[in-house]
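# Descriptive analysis of the structure
Chain by chain, the residues run as shown.
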Amino acid sequence: MSKTLMKLSAAAIALCVALPVAAQDADTPAEVTIDTVVATVNGKDITFGHMLMARASLPERFQQAPTDQLWEGLLERLIQYEVLAQSDKGDETFRVALALDNEKRELMAAEAMQAVADAAVTDEAIAAAYKADYVDADLGLEYNASHILVETEEKAKELVEELNGGADFAELARANSTGPTGPNGGLLGWFGKGRMVKPFEDAVAGMEAGDVSAPVQTQFGWHVIKLNETRAIDAPELEKVRGQIEQQLRQDAVQAFIKEQTEAGEVSRFDYSKVDTSILNNLGLLAD
């Protein structure tokens, strides 16, 4: 739906939901199908299907409105639109024709993408992607490290010398670290890629278990780091990553389909290299 129509829709439904709701028959509700005619305007039928499509395009703030109010408001909106469309002021202008072309193109494209995406998500495809991306993949390492955070490089160098001389790392951390892990002997626990700031992460990645780093500067100060141990990252359970896998399968399938259809089709493009592209701002041309 265009932004103009969306604004009209919001205004219309806001007016209509305030209307009194017609009294309901106490008998069993009538059966309604997608083809049920809910109103007729000068011989032109408005069906329940039209109401459902209008319902689907409502702004978020109206999505939770009571259905009896929605029914009254949607029907009144569609009747008003039909009356206006049939009036002598409701000509299918050039602007309207172009908008309808774009709306149809966009809606049909969305249907195609949905069909392709849905077909891509199968149990077999999910299992294969899980195996390739997690079970058989090298997910990298996790690190268990400790650090001592101080304000100056000079102090960090002094601590490195003490550690090289046999001082206990945890004791030095408790006595000198300005970070919150100081009282815990500087222990950071396990972390993976992306959990630490880059200079710290880069330093750890280049160390072996048991190593103590040279002073490392970050925005927090100067760190002396000890790498305690490393371990390979295990594959997560399938159910924890199923949503991510499904989303990736959908995206990949749609992109592949678009590429395939574009390459297989006969597509030509206007050469705009010598065009003054500011003409895109001339929306007045649509009034012609």
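Located above this text is the structure these notes cover.
Report follows, based on the coordinates. (Residues numbered from 1 in each chain as written. Predicted model: local features only at pLDDT ≥ 70, side-chain atom pairs only at ≥ 80, totals over all residues. Heavy atoms only, no water.)

Judged by how many residues are buried, strand β3 (residues 141-150) sits mostly within the fold: 8 of 10 residues are covered. As paired elements, β3 and strand β6 (residues 221-232) share 10 bridges and run antiparallel to each other. Within β6, the residue paired with I148 across the bridge is V224. As paired strands, β3 and strand β4 (residues 187-191) are joined by 4 bridges and run antiparallel to one another. Paired with N144 across the bridge in β4 is W190. (Buried < 20%, exposed > 50% of the residue type's maximum accessible area, 1.4 Å probe, protein only. Helix = DSSP H or I, 4+ residues; strand = E, 2+ residues; numbered from the N terminus. Pairing = 2+ DSSP bridges.)

Summed over the entire model, instances satisfying the criterion amount to 7 salt bridges. Across the pair E142 and R231 runs a salt bridge, and its minimum N-O distance is 2.9 Å. With E142 in strand β3 and R231 in strand β6, this pair connects stretches of sequence that are 89 residues apart. The salt bridge involving R242 is made with E239; its shortest N-O contact spans 2.9 Å. With R242 and E239 both in helix α9 (residues 238-264) and 3 residues apart, the pair spans about one turn of that helix. (Salt bridge = Lys/Arg side-chain N within 4 Å of Asp/Glu carboxyl O.)

Here we have 4 strands laid out as an open sheet, ordered β4-β3-β6-β5, and antiparallel in their pairing. With partners counted over all chains shown, the strands left at the sheet margins are β4 and β5 (216-218), one partner each. When strand polarity is set aside, the average angle formed by the axes of neighbouring strands in this sheet is 40°. Across 3 bridges, the pairing between β5 and β6 is antiparallel. Pairing of V216 across the sheet is with H223, part of β6. Relative to β5, helix α8 (residues 198-205) is tilted by about 155°, and along the sheet it contacts β3, β4, β5 and β6. (Axes fitted to C-alpha atoms, helices over the stretch in contact; angles between N-to-C directions. Contact = heavy atoms within 4.5 Å.)

So, about a negative patch on the surface. Together, E154, E158, E161 and E162 make up a negatively charged patch on the protein surface. With respect to the element layout, E154 can be found in helix α6 (residues 153-164). (Patch = residues over 30% accessible without salt bridge, like charges linked within 9 Å, V, L, I, M, F, W, Y side chains within 5 Å. Areas by Shrake-Rupley, 256 points an atom, 1.4 Å probe, with all protein chains shown as cover. Lys, Arg positive; Asp, Glu negative; His and termini not counted. Charge placed at Lys NZ, Arg CZ, Asp CG, Glu CD.)

Buried together is how nonpolar side chains tend to be arranged in soluble globular proteins. Counting residues in hydrophobic clusters, the biggest one holds 13 residues, and the most contacted among them are V38, I46, M51, L58, L74, L75 and L78. Only β1 (37-41), α2 (48-56) and α3 (67-86) provide two or more residues apiece to this core. When residues of this core are assigned to their parent elements, the largest contribution, 4 residues, is made by α3. Not counting chain neighbours up to four residues away, the residues in contact with I46 comprise T36, V37, V38, A39, V41, L78, I79 and E82. Ranked by size, the runner-up nonpolar core spans 11 residues in total, among them I148, F169, L172 and A173. (Core = buried A, V, L, I, M, F, W, Y, C linked by side-chain atoms within 4.5 Å.)

What follows deals with the packing of aromatic side chains. Counting across every chain of the model gives 4 aromatic pairs. Between Y143 and F191, the aromatic rings sit 6.1 Å apart at their centres with planes inclined by 40°, giving tilted as the arrangement. Of the two residues, Y143 sits in strand β3 while F191 sits in strand β4, which places them 48 residues apart along the sequence. The pair Y143 / F191 is uniform in exposure class, with both members buried. Ring centres of F191 and F200 lie 6.3 Å apart, and the angle between their planes is 65°; on these two criteria the pair is classed as edge-to-face. A relative accessible area of 3% means that F200 is categorised as buried. Among the aromatic residues, ring-to-ring pairing joins Y143, F191 and F200 into one connected group. Sitting over the ring of W190, R231 keeps its end group 3.9 Å from the ring centre. (Phe/Tyr/Trp six-rings, centres within 6.5 Å; stacked < 30°, edge-to-face > 60°. Lys NZ or Arg CZ within 6 Å of the ring centre and 35° of its normal.)

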